Amino acid sequence: MALINADALTLNAREAETVSEVIFNRVYNDSDLAEYHEIETGIDVKTQIAFAGRLGLLGKKATGCTPNEAGGFELTEKFWTPVLEDFRIKHCQADMPALLKLFRKSQRINPDFFDAVGTQEFGVIISAVETAMLENMHRKIWFNDTAAQTVADGGVFKNGTDLDYFNSFDGLFKQVFTEVPSNAANRIDVSANAGTSYAGQALAEDAALAIFEKMVTAADERLVSAEDSFILATRSLADNYRATLRNKNLGSGFLEVVEEGRPKLYFDGIEVKVRYDWDRYIKTYQDNGTKWNLPHRAVFTTKSNIPVGTLSEEDLTKLDVFFDKTLKTNIMDAAYTIDAKHLESYMTVAAY
């Protein structure tokens, strides 16, 4: 028998008492946008992007006094069409449990009980919002679609999805699918995507190896020779490729290495950047209840060919934080302009 019987007492678990003890769920992608995209600033209104075509053959044997005339080149255009997005998050100190030790310190020392701006504890909330902003930028840049529809209305977005979070501008997948269509020479078919069930969409053994090989083979010489070219791929393709690497000796250009503590994947010397966030967004927002929409995707391109446009890069992560004395509320506002562009289709190979 225990010396002391405490069954009649209410015992609480020890609460977190400092900010450093708070562990937030990790986001799916908190990489800088500049890892994947060139960032064009000063973009706040419709702005022209001009393209000059390539001159063809030049120089024929001279005959007589009149030089041989050469052909010209064509100018084409696209336009930045940035949209202004914003959001507001409000926090009232009175909503916090009175005995929560994590926020109790600020309540004791703050001359205004409701004003939490500038406190270490409120910094936890600000940090979480800033990280979520960056994660949402990655989602918008690739998955936005001005014509987005749910499955019930003939679209690909999961029923119940709030489409206002997806339809402000056309993301890169929408543009790539339009400009590198299924019948294009620089489009590689991923047959597993056509499966009619989750299980039916599983990749066959060594499927990614064959897909990446076809992508490089189909690529324009200007893309293959570009020093900053890379392959962006879903985790599903990357894992399938890794399985092949474990079972086959493909040579020095086909490997996974650890650089600066992080694994890097290469195919024929070209870095394969794994977009773990793509898999999550597809499974979360593009699920019709039976299968996913194109769960295996890869894009072979360059940073400069998929730029992001904004008025100010700072705006994409900046919060306006203030305390409203009338409402007794701590407020976080954000506003930014954003657009993404797929520039030249010959500088892209898409597998989907």
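Heads up: the structure comes first, above all this text.
Everything in this summary refers to the structure shown in the same document. (Residues numbered from 1 in each chain as written. Predicted model: local features only at pLDDT ≥ 70, side-chain atom pairs only at ≥ 80, totals over all residues. Heavy atoms only, no water.)

In terms of helices and strands, the protein chain carries seven helices and 14 strands. Expressed as a percentage of its 352 residues, the buried residues of the protein chain come to 42%. Sequence separation of at least 24 residues holds for 75% of the intrachain contacts in the protein chain that already meet a minimum separation of 6. Taken as a whole, the protein chain presents about 20,100 Å² of accessible surface, with 51% of it coming from carbon and sulfur. (Helix = DSSP H or I, 4+ residues; strand = E, 2+ residues; numbered from the N terminus. Buried < 20%, exposed > 50% of the residue type's maximum accessible area, 1.4 Å probe, protein only. Contact = heavy atoms within 4.5 Å. Areas by Shrake-Rupley, 256 points an atom, 1.4 Å probe, with all protein chains shown as cover.)

Along strand β9 (residues 270–275), six of the six residues are buried, which leaves the element largely enclosed by surrounding structure. Where burial is concerned, the two faces of β9 agree: the one with I270, V272 and V274 and the one with E271, K273 and R275 are both buried. In this sheet, β9 lies alongside strand β6 (residues 229–234) in parallel orientation, the contact comprising four bridges. Looking at β9, one finds that A233 is bridged to V274. As defined by bridge partners, strand β8 (residues 262–267) adjoins β9 across three bridges and the pair is classed as antiparallel. (Pairing = 2+ DSSP bridges.)

Take N330: it is sitting in strand β13 (residues 329–340). With a relative accessible area of 0%, N330 lands in the buried category. Only 3.0 Å separates the side chain of N330 from the backbone oxygen of F114, close enough to count as a polar contact. Reaching out from N330, the side chain makes a polar contact with the backbone nitrogen of V117 at a distance of 3.5 Å. With residues near it in sequence (within four places) discarded, N330 still touches I89, K90, H91, Q93, F114, D115, A116, V117, F122, F322 and F323. (Polar contact = N/O pair within 3.5 Å; in protein donor to acceptor, adjacent residues only side chain to side chain.)

This paragraph deals with the environment of R246. Along the chain, R246 turns up in helix α6 (residues 235–247). Relative accessible area serves as the criterion here: at 64%, R246 is assigned to the exposed category. With 10 residues separating them along the chain, R246 and E256 place their C-alpha atoms 9.7 Å apart.

A surface patch of nonpolar side chains, about 420 Å² in accessible area, is lined by L55, L58, F73 and L75. Counting through the fold element by element, L55 comes out in the loop between β2 (47–52) and β3 (75–80). The exposure class of L55 is partly exposed, given its relative accessible area of 34%. (Patch = residues over 30% accessible without salt bridge, like charges linked within 9 Å, V, L, I, M, F, W, Y side chains within 5 Å. Salt bridge = Lys/Arg side-chain N within 4 Å of Asp/Glu carboxyl O.)

Spatially, β5-β14-β10-β6-β9-β8-β7 is the arrangement adopted by the seven strands of the open sheet, whose pairing is mixed. Two strands close off the open sheet at either side, each with one partner strand: β5 (187–188) and β7 (255–259). Pairing of β6 with strand β10 (residues 298–302) involves five bridges; the strand directions are antiparallel. Following the sheet pairing, I231 is matched in β10 by F300.

On to unusual backbone geometry. You will see that D206, though not glycine, has its phi angle at about 65°, which is positive. Turning to its location among the elements, D206 is positioned in the loop between β5 and α4 (207–218). Among the residues examined, D206 registers a relative accessible area of 21% and is labelled partly exposed. The backbone phi angle of K328 is positive, close to 55°, even though this residue is not glycine. With a relative accessible area of 31%, K328 lands in the partly exposed category.

Attention shifts here to the packing of aromatic side chains. Inspection of every chain in the model, using the stated rule, returns 14 aromatic pairs. Ring geometry for F143 against F173: centres 5.2 Å apart, planes inclined by 65°, an arrangement best described as edge-to-face. Of the two residues, F143 is situated in helix α2 (residues 120–143) and F173 in helix α3 (residues 172–179); the sequence distance between them amounts to 30 residues. The class for F173 is buried, based on a relative accessible area of 4%. In this structure an aromatic cluster arises from ring pairing among W142, F143, F173, F177, W278, Y281 and Y352. Seen from the ring of Y352, R187 lies directly overhead, with NZ or CZ sitting 4.3 Å from the centre. Over the ring of F173 we find R297; its NZ or CZ atom is 4.6 Å from the centre of that ring. (Phe/Tyr/Trp six-rings, centres within 6.5 Å; stacked < 30°, edge-to-face > 60°. Lys NZ or Arg CZ within 6 Å of the ring centre and 35° of its normal.)

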